[in-house]
Amino acid sequence: MKRSLALFVFFTFPLHAEMRVSTDFDGGNAEVVKLDQASQTVRIMPKLHEARGWPCWWYLKLEGLTLGRPVQLQVQAQTKPFRDSTVLPAAWSQPKHAWLSSDGTSWTPSEAGARGDDKTMTYTLRPKTQSLHVAWGPPFLPADAETLLAELTATLPASKRFELSKTRDGRAVHGIRIGDDKARHQVWIGARQHAWETGGSQVGRGFIRWYASDEAKTLRAKTCLHFIPIMDVDNVALGAGGKEAVPRDHNRDWADAPIYPEVAAAQRMISEIHQKHGLDAYIDLHNPGANDPIFFFGPFAFERMTGTQQRNYSRWIELAAENITSPYPVEPKYRFATYVTDEEERSRMSSGWVRKHTGDFTLSVTLETGWNSPLMSVEGYSNVGIGLGRALRDYLEEDPRRP
Ligand SMILES: [Zn+2]
């Protein structure tokens, strides 16, 4: 009797290590709803960070995995409202593929998830290592920004890193200036005013690596570029969504008195650049839509524009369409953020603020990439960034300041 019990215990329990979930790292986010060791099933929802926007981003590390023993990762919507009484629909936290990494650096898509009747998405993971990073999309964290900026200063010793500001929580928002500040052309490119839109920073990394390459040598010689890899550093570090934060998110904060110090600092620097040298282009990188393709939001007044403005915005979208072709071609026509119906709110969007505070020849647009595809990988986003760089090269080559 004793012996058979011992055997039973032996065969039932010690064969597998316990699966554990951790999120105590930058960008980590998951609220564990259920964890069943026997079936290797873990059910999560994105954790709600009060007043910090959409609970859609999740990123966790699984440990104690058994090689060859599949894990079922179920993702459901956060059940509590993120703003007033609004609960975020499940789809925002359920990409077709989860993204996997054994080292936290290189990321591949999982098998496609399966949507259940109960509005959960189940991803079957087949671990080849005992621990696995699993995320909503390929992450880009403050540490990645640091690595990237260090890489740029090593490649281009004349470039100059700067601290845009400290955030409200005291974190540093880093940027880099590449080129002489009195250069003929002045450009500002930034990403992640919406923290969860990780593809924005991935596009930014592809762009800036191209910009630092030999192919961009002529462009660099006549341009002063300011580049910010992550604007909303606080929410990126916390793993919070950022979008529709209370009282407003970064891309609705471009008012006379911004609440985010990094937005205020960007406004000051952009104004100063424009006053001293003229600003040629402001490009803000976003990554909002599940099934949207790649497109630019243009100015609401585009159809009514005349002269230099009309010429420059038209030329930009033509050159973007010629150059941004992978993994999908960019749409050859602007879209307009007509979902923002309130004039006052429109006036607080960064691209509008820049248009209002710069000149006739200034281009101010946002580049929007979709995310719900295995092609929107680190490499896929990077290719969009390379295309963006080539479009900028061709655009400045024609000199947007010509009469
Ligand atoms: Zn956005």
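Around the zinc ion, the protein supplies His-194 (ND1), Glu-197 (OE), Glu-197 (OE) and His-286 (ND1) as donor atoms, at distances of 2.0 to 2.5 Å. Viewed at the metal, the four donor atoms of the zinc ion are separated by angles of 54 to 148°, and the geometry they form is irregular. In the primary sequence, the donor residues of the zinc ion line up as H-x2-E-x88-H. Of the two residues, His-194 is situated in the loop between strand 13 (185-191) and helix 3 (198-211) and His-286 in strand 15 (residues 281-289); the sequence distance between them amounts to 92 residues. For the residue pair His-194 and His-286, the accessibility class agrees, reading buried in each case.

Turning our eyes to something else, we now look at the side chain of Asp-253. Within the secondary structure, Asp-253 sits in the loop between helix 5 (233-238) and helix 6 (261-277). Setting aside its immediate chain neighbours within four residues, Asp-253 contacts Arg-248, Pro-258, Ile-259, Tyr-260, Val-263, Gln-267 and Arg-348.

Before going further, it helps to spend a moment on the confidence of the model for the chain. Per-residue confidence for the chain gives a mean pLDDT of 95; residues scoring 70 or more make up 96%. Element-level pLDDT for the chain is lowest in helix 1 (residues 2-12), with a mean of 49, against a maximum mean of 99 in strand 14 (residues 223-228). When the criterion is pLDDT under 50, residues 5-10 qualifies, and its contacts beyond four places in sequence or with other chains add up to two contacts.

Right, let's get into the pattern of salt bridges. Summed over the entire model, instances satisfying the criterion amount to 25 salt bridges. Between Lys-166 and Glu-163 there is a salt bridge, with the nearest N and O atoms lying 3.0 Å from each other. Look at Glu-163 and you get partly exposed, because its relative accessible area is 39%. Its salt-bridge partner being Asp-181, residue Lys-182 comes within 3.6 Å of it at the nearest N-O pair. Residue class for Asp-181 comes out partly exposed when judged on its relative accessible area of 32%. Via salt bridges that share partners, Arg-52, Asp-169, Arg-171 and Asp-234 belong to a single interconnected network.

Before going further, it helps to spend a moment on the nonpolar core. By size, the foremost hydrophobic cluster in this structure holds 101 residues, and its most contacted members are Trp-58, Val-134, Phe-296 and Trp-316. Viewed by domain, this core spans two of them, domain 1 (2-135) and domain 2 (142-397), each represented by three or more residues. Aside from chain neighbours lying at most four places away, what touches Trp-58 is Asn-29, Ile-44, Pro-46, Leu-73, Val-75, Ser-93, Pro-95, Ala-98, Tyr-123, Val-134, Ala-135 and Trp-136. In this structure, Phe-295, Ala-337, Val-340 and Met-349 belong to the second largest nonpolar core, which totals five residues.

In this section: helix 7 (residues 307-323). Taking 1.5 Å of rise per residue, the 17 residues of helix 7 would be expected to cover 24 Å, and the 24 Å separating its terminal C-alpha atoms lies within 8% of that figure. Taken together, the buried positions of helix 7 are occupied by Asn-312, Tyr-313, Ser-314, Trp-316, Ile-317, Leu-319, Ala-320 and Asn-323. Buried residues belonging to helix 7 abut strand 15, strand 16 (295-297), helix 9 (350-356), strand 17 (363-370) and helix 10 (378-397).

Quick look at the sheet that holds strand 8 (residues 114-115) now. Read from one edge of the open sheet, five strands run 2-3-5-9-8, paired in mixed fashion. One side of each edge strand has no neighbouring strand; the edge strands of this open sheet are strand 2 (31-36) and strand 8. In the sheet, strand 3 (residues 41-45) pairs with strand 5 (residues 71-75) via four bridges, with the strands oriented parallel. Looking across to strand 5, one finds that Ile-44 is bridged to Val-75.

Positionally, Arg-355 belongs in helix 9. Along the sequence, Arg-355 and Tyr-282 sit 73 residues apart, while their C-alpha atoms lie 8.9 Å from each other. The contact partners of Arg-355, leaving out residues within four places of it in the chain, are Gly-298, Pro-299, Phe-300, Tyr-313, Ser-364 and Val-365.

A few words on the packing of aromatic side chains. For any pair of aromatic rings, the description consists of the separation of the ring centres together with the inter-plane angle of the planes. Evaluated as defined, the whole model comprises 23 aromatic pairs. An angle of 75° between the planes, with centres 5.6 Å apart, marks the rings of Tyr-59 and Trp-107 as edge-to-face. Of the two residues, Tyr-59 sits in strand 4 (residues 59-63) while Trp-107 sits in the loop between strand 6 (99-101) and strand 7 (108-109), which places them 48 residues apart along the sequence. The exposure class assigned to Tyr-59 is buried, which follows from its relative accessible area of 4%. Taking 5.8 Å as the distance between ring centres and 85° as the angle between the ring planes, the aromatic pair formed by Phe-296 and Trp-316 counts as edge-to-face. Here Phe-296, found in strand 16, pairs with Trp-316, found in helix 7; they are 20 residues apart in sequence, far enough to count as distant.

Looking at the secondary structure, you find Thr-122 in strand 9 (residues 121-125). Taking relative accessible area as the criterion, Thr-122 reaches 17% and is therefore assigned buried. With sequence-adjacent residues up to four places away left out, Thr-122 is seen in contact with Gln-72, Leu-73, Gln-74, Gly-113 and Ala-114.

Criteria and thresholds
- Residues numbered from 1 in each chain as written.
- Predicted model: local features only at pLDDT ≥ 70, side-chain atom pairs only at ≥ 80, totals over all residues.
- Heavy atoms only, no water.
- Donors = N, O, S within 2.8 Å, 3.2 Å for Na, K, Ca; no water.
- Tetrahedral: all angles 85-135°; square planar, octahedral: opposite > 155°, others 65-115°.
- Helix = DSSP H or I, 4+ residues; strand = E, 2+ residues; numbered from the N terminus.
- Buried < 20%, exposed > 50% of the residue type's maximum accessible area, 1.4 Å probe, protein only.
- Contact = heavy atoms within 4.5 Å.
- pLDDT = per-residue confidence, 0-100.
- Salt bridge = Lys/Arg side-chain N within 4 Å of Asp/Glu carboxyl O.
- Core = buried A, V, L, I, M, F, W, Y, C linked by side-chain atoms within 4.5 Å.
- Domains from an automatic or database assignment.
- Expected span 1.5 Å × (residues − 1).
- Pairing = 2+ DSSP bridges.
- Phe/Tyr/Trp six-rings, centres within 6.5 Å; stacked < 30°, edge-to-face > 60°.

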